[in-house]
Amino acid sequence: MDSEIVTVELDANNSVKIHPFGATVISWICKGQEKLFVSSLSKMDGSKAVRGGIPVVFPNFGPWANGSQHGFARISWWTVAETSKQESNGCASIELHLKDNETTRTMWNHGFLLKYKVGIAKNELTTELSITNTGTDEFDFTTLLHTYLKVPDISTTTVTGFDGCLYHDKVAGVDNLKEERKEIVISQNVDAVYKNAGNVGGHLISTPVGNMRIEKHNLPDTVLWNPWSEKAMAMSDFDNEGYKRMICVEAGFVSERKLLSPNEVFTCSQKLISCGSAAI
Ligand code: BG6
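Residues numbered from 1 in each chain as written. Predicted model: local features only at pLDDT ≥ 70, side-chain atom pairs only at ≥ 80, totals over all residues. Heavy atoms only, no water.

(A) A look at the site of the ligand. Around the ligand sit Arg-51, Phe-61, Gln-69, His-70, Arg-74, His-146, Lys-170, Asp-191, Val-223, Trp-225 and Glu-250, and those are all the residues in its vicinity. At 2.8 Å from an oxygen atom of the ligand is found a side-chain nitrogen or oxygen belonging to Arg-74. One nitrogen or oxygen atom from the side chain of Glu-250 is found 2.6 Å from an oxygen atom belonging to the ligand. Here the ligand loses 84% of its free accessible area of 390 Å² to cover by the protein chains. (Near = heavy atom within 4 Å. Polar contact = N/O pair within 3.5 Å; in protein donor to acceptor, adjacent residues only side chain to side chain. Areas by Shrake-Rupley, 256 points an atom, 1.4 Å probe, with all protein chains shown as cover.)

Right, here's the structure in full:
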């Protein structure tokens with residue numbers, strides 16, 4: 001329900017909103033400006049994953065034999081574990097949890113605990129996911145932070161951090177292509193899974209009004225996605241023209257499956273840093 005959305009505020013111009021459905025970050029206001037794209041047609045009532053913001057993908061990226069695409073984390077209700085604000089170091093955060101339950105067990109019969117911490121500081125949004133195997137058998141998974149960034153115009157947006165990487169072009173259905181471009185401009189439907197991308201210096205998303213940097217930890221791969229016109233129109237929850245104002249740069253552990261033993265913990269995170277004078 002909309003009423004369950006939680007706001008964490010650093011000050012009047014810096015805040016973040018989290019929907020407990022999927023622990024989805026649905027808004028990040030930084031210096032008074034919204035940085036994330038959320039489709040105006042997105043469901044917000046828990047009937048479908050939020051179309052925008054930062055959905056959490058777990059335990060499977062992409063089509064999944066056991067359940068719906070991208071797994072159950074983004075379509076489960078999470079519990080708010082704690083919120084905190086530290087005036088002294090100028091940051092505020094919230095932590096949400098999801099553990100195995102009857103519904104997840106019907107799809108994936110494993111014991112787990114997900115802890116997701118969302119923190120803001122001036123110019124920064126950090127999202128950190130920790131995955132604990134609380135069961136007695138090992139399991140494997142893929143995971144990803146499906147970040148939808150808001151941009152003023154996709155035709156004047158560039159993104160870096162992919163040159164030299166091997167990638168799977170999901171639109172063409174071709175694997176192991178090598179990216180040569182230092183700066184990518186999206187001008188068509190793009191759906192590409194880059195291996196070991198942006199691990200030195202992150203990804204820089206530049207627009208005429210400012211820039212955003214994405215730094216990643218334990219998320220070696222990055223998916224670049226924009227559905228473009230035809231696919232956007234085919235999606236019931238995507239604004240027809242919305243593809244012009246967004247870019248998905250998705251930090252993930254997706255090219256290989258991560259194996260986790262009982263009691264083992266895997267932690268990964270990303271930091272979005274808004275930089276430049278009128279940063280996006
Ligand atoms: C991307 C995938 O991560 O998510 C795409 O690479 C997919 O293939 C896109 O279309 C959106 O997925 P969904 O399930 O939210 O429509």
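(B) Seen up close, the sheet that holds strand β17 (residues 203–207). Spatial strand order, β6-β7-β8-β9-β21-β18-β17-β12-β15: nine strands in an open sheet with antiparallel pairing. Because the sheet does not close on itself, it has two edges, and the strands there are β6 (79–86) and β15 (183–184). In terms of strand pairing, strand β12 (residues 158–160) meets β17 through two bridges, oriented antiparallel. Within β17, the residue paired with Val-159 across the bridge is Ile-205. (Pairing = 2+ DSSP bridges. Helix = DSSP H or I, 4+ residues; strand = E, 2+ residues; numbered from the N terminus.)

(C) Layout of the nonpolar core. Counting 59 residues, the largest nonpolar core has Trp-78, Tyr-116, Leu-224 and Ile-247 as the members making the most contacts within it. Those residues within four positions of Ile-247 in sequence are excluded, and the remaining contacts are Thr-147, Tyr-148, Leu-149, Val-151, Ile-154, Val-159, Ile-186, Ile-205, Leu-224 and Trp-225. Counting nine residues, the second largest nonpolar core, distinct from the first, contains Phe-37, Phe-238, Met-246 and Cys-248. (Core = buried A, V, L, I, M, F, W, Y, C linked by side-chain atoms within 4.5 Å. Buried < 20%, exposed > 50% of the residue type's maximum accessible area, 1.4 Å probe, protein only. Contact = heavy atoms within 4.5 Å.)

(D) The pairing of strand β10 (residues 139–145), seen in detail. A large share of β10 lies buried, amounting to six of its seven residues. The pairing of strand β5 (residues 56–57) with β10 spans two bridges and is antiparallel. Note that in β10 the partner of Val-56 across the bridge is Leu-145. When β10 meets strand β20 (residues 246–260), the two strands line up antiparallel, connected through six bridges.

(E) Up close: the packing of aromatic side chains. Enumeration over the complete set of coordinates arrives at 21 aromatic pairs. Judged by centre distance (6.1 Å) and plane angle (80 degrees), the ring pair of Phe-58 and Phe-72 falls under edge-to-face. Placement of the pair is Phe-58 in the loop between β5 and β6 and Phe-72 in the loop between β5 and β6, with a sequence separation of 14 residues. Of the two residues examined, Phe-58 and Phe-72, each falls in the buried class. (Phe/Tyr/Trp six-rings, centres within 6.5 Å; stacked < 30°, edge-to-face > 60°.)

(F) Highlighting the sheet that holds strand β1 (residues 6–11). Read across the sheet, four strands follow the order β1-β2-β3-β4 without closing on themselves; strand pairing throughout is antiparallel. The strands lining the two open edges of the sheet, one partner per strand, are β1 and β4 (33–34). Strand direction decides the pairing type here: strand β2 (residues 14–19) and strand β3 (residues 24–30), joined by five bridges, are antiparallel. Within β3, the position partnered with His-19 by the bridge is Thr-24.

(G) Broad picture of the environment of Glu-250. Counting through the fold element by element, Glu-250 comes out in strand β20. Setting aside residues no more than four positions away along its own chain, Glu-250 makes contact with Phe-61, Leu-144, Leu-145, His-146, Thr-147, Asp-221, Thr-222, Val-223 and Trp-225.

(H) The arrangement of the pattern of salt bridges in detail. Tallied over the entire structure, the rule returns ten salt bridges. Across the salt bridge formed by Lys-122 and Asp-11, the nearest N and O atoms sit 3.4 Å from each other. Of this pair, Lys-122 sits in the loop between β8 (112–121) and β9 (124–133) while Asp-11 sits in strand β1, and the two are 111 residues apart along the sequence. We note a salt bridge from Arg-257 to Asp-140, for which the minimum N-O separation is 2.6 Å. Taken as a pair, Arg-257 in strand β20 and Asp-140 in strand β10 lie far apart in primary sequence, 117 residues in all. A relative accessible area of 40% means that Arg-257 is categorised as partly exposed. The structure contains a network of salt bridges with shared partners spanning Lys-48, Arg-51 and Asp-237. (Salt bridge = Lys/Arg side-chain N within 4 Å of Asp/Glu carboxyl O.)

(I) Highlighting the side chain of Thr-127. Positionally, Thr-127 belongs in strand β9. If near-sequence neighbours (up to four positions away) are discounted, Thr-127 is found in contact with Val-25, Ile-54, Tyr-116, Lys-117, Val-118, Leu-145, Cys-268, Ser-269 and Gln-270.

(J) Geometry of the layout of surface pockets. Computed from the structure, the largest pocket encloses a volume of approximately 370 Å³. Residues of the lining of the largest pocket, tallied by class, amount to nine nonpolar, five polar and eight charged. (1 Å grid on protein atoms, 1.4 Å probe; cavity = no way out; pocket = protein on both sides within 12 Å on 5 of 7 lines; lining within 4 Å. Points joined across faces, edges and corners; volume = space filled by probe spheres on them. Nonpolar A, V, L, I, M, F, W, Y, C, P; charged D, E, K, R; others polar.)

(K) Quick look at the side chain of Asp-169. Structurally, the position occupied by Asp-169 is in strand β13 (residues 166–169). In this structure, Asp-169 is buried with no salt-bridge partner, the nearest side chain bearing the opposite charge being Arg-181 at 7.7 Å. A distance of 3.0 Å separates a polar atom in the side chain of Asp-169 from the backbone nitrogen of Ala-172. Ignoring sequence-local partners within four residues, the contact set of Asp-169 consists of Val-174, Leu-177 and Asp-191. (Lys, Arg positive; Asp, Glu negative; His and termini not counted.)

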